[in-house]
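Notes for the structure review
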Amino acid sequence: MLPLFEFAAGQHEPARKRLAELREQLSYHAYRYYVLDDPLIADVEYDRLFQELLRLEEQYPEFVTPDSPSQRVGGAPLAAFASVTRKIPMLSLENAFGDQDLRDFEERLHRFLHSNEPIAYVAEPKLDGLAVELVYEEGIFTLGTTRGDGVTGEEITANLKTIATVPLRLRAPKKGKIPARLAVRGEAYLSLTGFKELNAQRARNNEPLFANPRNAAAGSLRQLDPKITARRPLAFFAYGVDDPAPLPCQSQHELLHYLAACGFATNPHTARCRSLDAVIAHFHHLAAIRHDLPYEIDGMVVKVDDFAVQKRLGTKARSPRWAIAAKFPASQATTRLVDVEFGVGRTGAITPVAILDPVEIGGVMVGRATLHNEDEMQRKDLRLGDTVLVQRAGDVIPEVVKPVIEHRTGSETVIRMPATCPECGERLVRPAEEAVTRCPNPACPAQRLRSLIHFASKAGMDIEGLGKKVMEQLVQEGLVRDIPDIFRLKADDLAKLAGWGEKSAANAMAAIASRKETSLAKLLAAIGIRHVGEITAQLLEEHFGTLEALLHATEADFLEVTGIGPQVAASLADFFSDDSARQMLATLQELGLTIAAGARPREGLPLAGTLFLFTGALHRFSRSEAKERVKGLGGQVASGMSGKVTHLVCGDKPGSKLARARELGIRILSEEEFVELLDG
Ligand code: IVH
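What you see is a predicted model; the values in this text were computed from it and never measured.

1. Some thoughts on the overall build of the protein
Secondary structure summary: the protein contains 25 helices and 25 strands in total. The C-alpha extent of the protein, read off along each of the three principal axes, is 85 × 75 × 50 Å. Taking all 680 residues of the protein together, the buried fraction comes to 47%. Taking the contacts inside the protein whose residues are at least 6 apart along the sequence as the reference set, 66% of them involve residues at least 24 apart.

2. Some remarks on the site of the ligand
Lining the immediate surroundings of the ligand are 14 residues, of which Glu-124, Ala-131, Glu-187, Tyr-239 and Lys-303 lie closest. Contacts to the ligand include Glu-124, whose side-chain N or O atom sits 2.7 Å from a nitrogen atom. Tyr-239 has a polar side-chain atom sitting 2.8 Å from an oxygen atom of the ligand. Protein contact buries 86% of the 510 Å² of open area that the ligand shows by itself. For the shell around the ligand, the elements supplying multiple residues, two or more each, are β3 (121-127) and β10 (297-304). It is β3 that provides the largest number of residues to the shell around the ligand, a total of four residues.

3. Regarding a negative patch on the surface
Side chains of Glu-555, Asp-574, Asp-578 and Asp-579 sit close together on the surface and give a patch of like negative charge. Within the element layout of this structure, Asp-578 appears in the loop between α21 (566-577) and α22 (579-590).

4. Description of the state of the cysteines
By the definition in use, this model includes zero disulfides. Free cysteine: Cys-249, not disulfide-bonded; nearest cysteine sulfur from Cys-262 at 8.4 Å.

5. Considerations on the sheet that holds strand β8 (residues 234-241)
The sheet built from four strands is open, its strands ordered β5-β4-β7-β8 with antiparallel pairing. Two strands in the sheet have a free side with no partner beyond their single neighbour: β5 (140-146) and β8. The sheet shows a mean angle of 35 degrees between the axes of neighbouring strands, direction not considered. Two strands pair when backbone bridges link them, and strand β7 (residues 181-190) and β8 are joined in this way by seven bridges, in the antiparallel orientation. From the neighbouring strand, Ala-188 faces β8, where its bridge partner is Phe-236. Strand contacts of helix α6 (residues 213-221): β4 (130-137), β7 and β8, with the helix running at about 125 degrees to β7, the strand carrying the most contacts.

6. Observations concerning the sheet that holds strand β22 (residues 611-615)
The strand order β23-β22-β24-β25 describes an open sheet built from four strands, whose pairing is parallel. In this open sheet, the two edge strands, each paired with only one partner strand, are β23 (636-637) and β25 (667-670). Here β22 pairs with β23 via two bridges, running parallel. The residue bridging Leu-611 from the neighbouring strand is Gln-636, located in β23. Sitting on the sheet, helix α24 (residues 657-664) touches β22, β24 (647-650) and β25, and the angle it makes with β24 is about 145 degrees.

7. Here's the deal with the packing of aromatic side chains
Under the counting rule described, the total for this entry stands at 17 aromatic pairs. Aromatic pair Tyr-60 and Phe-63: ring centres 5.8 Å apart, planes at 20 degrees, arrangement stacked. Given a relative accessible area of 16%, Phe-63 falls into the buried group. Centroid distance Phe-455 to Phe-487: 6.2 Å. Interplanar angle 90 degrees. Geometry classified as edge-to-face. Of the two residues, Phe-455 sits in helix α12 (residues 445-456) while Phe-487 sits in the loop between α14 (483-486) and α15 (491-495), which places them 32 residues apart along the sequence. What makes Phe-455 buried here is its relative accessible area of 0%. Residue class for Phe-487 comes out buried when judged on its relative accessible area of 9%. Through pairs of rings, three or more aromatic residues link up here, namely Tyr-136, Phe-141, Phe-236 and Phe-264. Directly above the aromatic system of Tyr-31 lies the positively charged group of Arg-171, at a separation of 4.5 Å from the ring centroid.

8. With respect to the nonpolar core
Nonpolar side chains in soluble globular proteins generally cluster together in the buried interior. Residues Met-471, Ile-486, Ile-527, Phe-558 and Phe-576 are the most contacted members of the largest nonpolar core, which totals 54 residues. Once you skip the residues sitting within four places of it in the chain, Ile-527 turns out to touch Phe-455, Ile-483, Phe-575, Met-584 and Leu-585. Judged by nonpolar contacts, the second largest core, of 36 residues, contains Cys-273, Trp-322, Ile-324 and Phe-328.

9. Some points on the packing of α12 against helix α13 (residues 468-476)
Relative orientation of the contacting elements α12 and α13 amounts to 130 degrees, with a least axis distance of 10 Å. Classified by the angle between their axes, α12 and α13 sit oblique to one another. As α12 packs across α13, the resulting crossing turns out to be right-handed. Contacts between α12 and α13 pair Leu-449, Leu-452, Ile-453 and Ala-456 from the former with Lys-468, Met-471, Glu-472 and Val-475 from the latter. Among the residues forming the contact of α12 with α13, the class breakdown is six nonpolar, no polar and two charged.

10. Brief notes about the pattern of salt bridges
A complete count under the given rule lists 30 salt bridges for this structure. With its nearest N and O atoms 2.6 Å apart, the salt bridge here joins Arg-272 to Asp-305. A residue pair is termed long-range when its members are at least 10 positions apart, and Arg-272 in strand β9 (residues 271-273) and Asp-305 in the loop between β10 and α10 (307-313) qualify at 33 residues. One network of salt bridges, in which partners are shared, links Asp-381, Arg-383, Asp-386 and Arg-408.

11. Digging into the environment of Gly-533
Tracing the chain through its elements places Gly-533 in the loop between α17 (520-526) and α18 (534-544). We classify Gly-533 as partly exposed; its relative accessible area is 32%. Between the alpha carbons of Gly-533 and Gly-460 there is a distance of 8.9 Å; along the sequence they are 73 residues apart.

12. Concerning the side chain of Arg-185
Mapped onto the elements, Arg-185 comes out in strand β7. Given the relative accessible area of 8%, Arg-185 is considered buried. Here the side chain of Arg-185 touches Pro-89 through a polar contact of 3.1 Å, landing on its backbone oxygen. Not counting residues up to four positions away in its chain, the partners in contact with Arg-185 are Arg-86, Ile-88, Pro-89, Met-90, Val-132, Glu-133, Phe-236, Ala-238, Tyr-239, Gly-240, Val-241 and Asp-242.

Cut-offs and rules
- Residues numbered from 1 in each chain as written.
- Predicted model: local features only at pLDDT ≥ 70, side-chain atom pairs only at ≥ 80, totals over all residues.
- Heavy atoms only, no water.
- Helix = DSSP H or I, 4+ residues; strand = E, 2+ residues; numbered from the N terminus.
- Buried < 20%, exposed > 50% of the residue type's maximum accessible area, 1.4 Å probe, protein only.
- Contact = heavy atoms within 4.5 Å.
- Near = heavy atom within 4 Å.
- Polar contact = N/O pair within 3.5 Å; in protein donor to acceptor, adjacent residues only side chain to side chain.
- Areas by Shrake-Rupley, 256 points an atom, 1.4 Å probe, with all protein chains shown as cover.
- Patch = residues over 30% accessible without salt bridge, like charges linked within 9 Å, V, L, I, M, F, W, Y side chains within 5 Å.
- Salt bridge = Lys/Arg side-chain N within 4 Å of Asp/Glu carboxyl O.
- Lys, Arg positive; Asp, Glu negative; His and termini not counted.
- Charge placed at Lys NZ, Arg CZ, Asp CG, Glu CD.
- Disulfide = S-S within 2.5 Å.
- Pairing = 2+ DSSP bridges.
- Axes fitted to C-alpha atoms, helices over the stretch in contact; angles between N-to-C directions.
- Phe/Tyr/Trp six-rings, centres within 6.5 Å; stacked < 30°, edge-to-face > 60°.
- Lys NZ or Arg CZ within 6 Å of the ring centre and 35° of its normal.
- Core = buried A, V, L, I, M, F, W, Y, C linked by side-chain atoms within 4.5 Å.
- Parallel < 35°, antiparallel > 145°, perpendicular 65-115°, else oblique.
- Left-handed = near helix turned anticlockwise from the far one by under 90°.
- Nonpolar A, V, L, I, M, F, W, Y, C, P; charged D, E, K, R; others polar.

Structure follows, in structure tokens:
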């Protein structure tokens, strides 16, 4: 694409002006996108402006300013953090546990103020991240620090610049002008999806996992190399300033509006409350919705709204009298590690699972928690009989954080990975470069059962009525030993099983028959080839078209497929050269399984490699027409949101997918942009 403007060398003035324009436009569009959640231009357009800025800045490095969006990518690594001392310390808060503590808080306020007049409050979600301070001089972000001990923090300006919701230059608020100096305080945090993805990636790389999003955010910000920080999906909510006196604001709620007008994200679940009852109601509201939020909150901060009243109340040594943190019941608890079970997955992966004395955590009983893998277990130095700290975070599965060493009696015993498979007795293997221990026996009953369950599941052939319980029964009764057996089932045999009748047997038979005609992609995803999920299966279908072609492919052929790397190619080559796998595929075809035609090679089609998802109503097509158009151009259509989706097409009244897509950084298209893409 051609740049919008091209300057001959030496045309300094126009270049400088154009750069100022680009900075202005880019920062406005980033603000619309990240802070307001309401973008005005398509991502391609943004990228084009950004590329133009980078090119011009390369040509004229003397015009690079500290507020240029190019400064977000993270510069050179530091040797150490500098410490910075602030004049007005960042305070901490006293805690309130439950409604009564909140009522006591108000009573203290009344006593201190010698008045029982109603007090207005602002109640804000308490994000569990890292408190930071951002200093703006003449509107430009110049200094970012961690809270540290409140007075002295660490300088992390370059790292904070990588956060998209940290403005590099303040927007002009409607009320008043930008002050010469503004020190904004708030919470830098990592979303739950960001946290989960980061940990999944670390598990794959065999790196220690972060215990919770808070630690992950802190670890990401206290990185000497800002390029690493730039890759972490951090965000920032502003909740205060060091000193509101010079600002045109009389209260906390006015201050939040002012900060929003300056370009900061402020938390949308904040409420102005005219009474303590309203505060308590909001606390219960937040407790009810906390697990639906895309980030973790551990309570609510209650602040006296009126700055004049705040001033009268003043501060104690470490915390203000005018605010308190109302904490939710803990999402951590201690209990005893009674046993460790070793589960065998579909691909033979052995996962240690902690068996705990059941304990209530945040309203849910927890009796099992994942221990991930052998290295994680050793890193935490867990022993049988240990008292352990267990936590639940959002909808993340419960996990064991650490042993409570102080409670050790000496009778605890070391946990070892078994040498042989707990299900089939085969000697386990652990390839040197992997974190996962596996049972290499393809005939292992546990693996077989899991593979059969997977085959019939939604991610596989999607055979209705053949869920986990039913499959367990069929295997138990000896009716199903392998995948082809599913297609050998007879209605009479099923009808005789405990809990079955003629009707349920007939239904199951019909469901199985309905899946006999299938697509290559569905079959490939269902038969459980290691590293091959729905997406890879699609890629294979598009590239090879027929099962025949796959049976003749070599490892090098698999490597040719866009989106398939060496690990997957090796796994595919292994699978398709295995006699029993080839035999199974032949048997399936003999039993009447047919692969629907229409799977044609799609390499080179314009949308190859894309995965589309739709939300909201379209005007120019029906949903199914739109999907057909995408498929016709080589794209795929997803049925739900995931990190694999590449494009979200957003019609009228979009649903929650839109917010998820923004969070995941997925490209969002309006209907017009979608049409342009199709026609282009
Ligand atoms: S106000 C004087 N507001 O909670 C006011 N703090 O102990 C002090 N926090 O680590 C802070 N969300 O980072 C305030 N909406 C919010 C907050 C909040 C989270 C954290 C803060 C600090 C701790 C206070």
